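Listed here are the chains, written in short residue letters.
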Amino acid sequence: MNQVLLLQNQDKLLLTKQGEWSDGRDAGCLFRTEHKDEALNQMVEANSKDYTLRIHMLTCDVNERRVPQLKDEDLPPLGMNSIKPEVEVEVEVEVEAEGEVEVDAEALDPEVIEEDSEI
């Protein structure tokens, strides 16, 4: 059986062909390559977009259709979502006649934002 390289981050999410992070349950859409240099290039590209990622190469067997056969221990726990929820933030801005801008500092306080958002 042939092997391919996949890219996995610290949350056990796998890189897709579109450059997004997925739980890997749909193995057909995952980025995969047989060449270590291509995997390394893709790893550097993904890290340049988000420096907080800790990416490693995962070697995986493929079936006759060349779809990666992932082991259960290589997948994140069920319910782990690759899409992070967006938080809406409202900021009040007042412009005075002289052109000075006044921003409501309480609206920018991270504690207030966390209290107002329900995730």
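1. Focus: the side chain of Asp-74
Here Asp-74 lies in the loop between strand 4 (56-61) and strand 5 (93-95). For Asp-74, the contacting residues outside a window of four places in its chain are Gln-8, Lys-12 and Leu-58.

2. With respect to the side chain of Gln-8
In this structure, Gln-8 sits in strand 1 (residues 3-8). Within the structure, Gln-8 has its side chain in polar contact with the backbone oxygen of Asp-74 (distance 2.5 Å). Not counting residues within four places of it along the chain, the set of residues in contact with Gln-8 comprises Leu-13, Leu-14, Trp-21, Arg-54, Ile-55, His-56, Leu-58 and Asp-74.

3. Here's the deal with the environment of His-35
With respect to the element layout, His-35 can be found in the loop between strand 3 (21-22) and helix 1 (36-49). Each C-alpha atom, one on His-35 and one on Val-4, is 7.8 Å from the other, the two residues being 31 residues apart in sequence.

4. Brief notes about unusual backbone geometry
In terms of backbone geometry, most residues other than glycine have negative phi values and most peptide bonds are trans. Backbone geometry at Lys-12 places phi at a positive 65 degrees, although glycine is not the residue there. By the element assignment, Lys-12 lies in the loop between strand 1 and strand 2 (14-15). Even without being glycine, Arg-66 reaches a positive phi, approximately 65 degrees. Its location among the elements puts Arg-66 in the loop between strand 4 and strand 5. Since its relative accessible area comes to 33%, Arg-66 is described here as partly exposed.

5. Points about the nonpolar core
Inside soluble globular proteins, nonpolar side chains tend to come together where they are buried. Membership of the largest hydrophobic core is limited to 11 residues, which are Leu-5, Leu-7, Leu-13, Leu-15, Trp-21, Phe-31, Ala-39, Met-43, Ala-46, Leu-53 and Ile-55. Per-element accounting of this core gives the leading share, three residues, to helix 1. With residues up to four places along the chain from it excluded, the contact list for Ile-55 reads Leu-7, Gln-8, Asn-9, Trp-21, Met-43, Ala-46 and Asn-47.

Parameters and conventions
Residues numbered from 1 in each chain as written. Predicted model: local features only at pLDDT ≥ 70, side-chain atom pairs only at ≥ 80, totals over all residues. Heavy atoms only, no water. Helix = DSSP H or I, 4+ residues; strand = E, 2+ residues; numbered from the N terminus. Contact = heavy atoms within 4.5 Å. Polar contact = N/O pair within 3.5 Å; in protein donor to acceptor, adjacent residues only side chain to side chain. Buried < 20%, exposed > 50% of the residue type's maximum accessible area, 1.4 Å probe, protein only. Core = buried A, V, L, I, M, F, W, Y, C linked by side-chain atoms within 4.5 Å.

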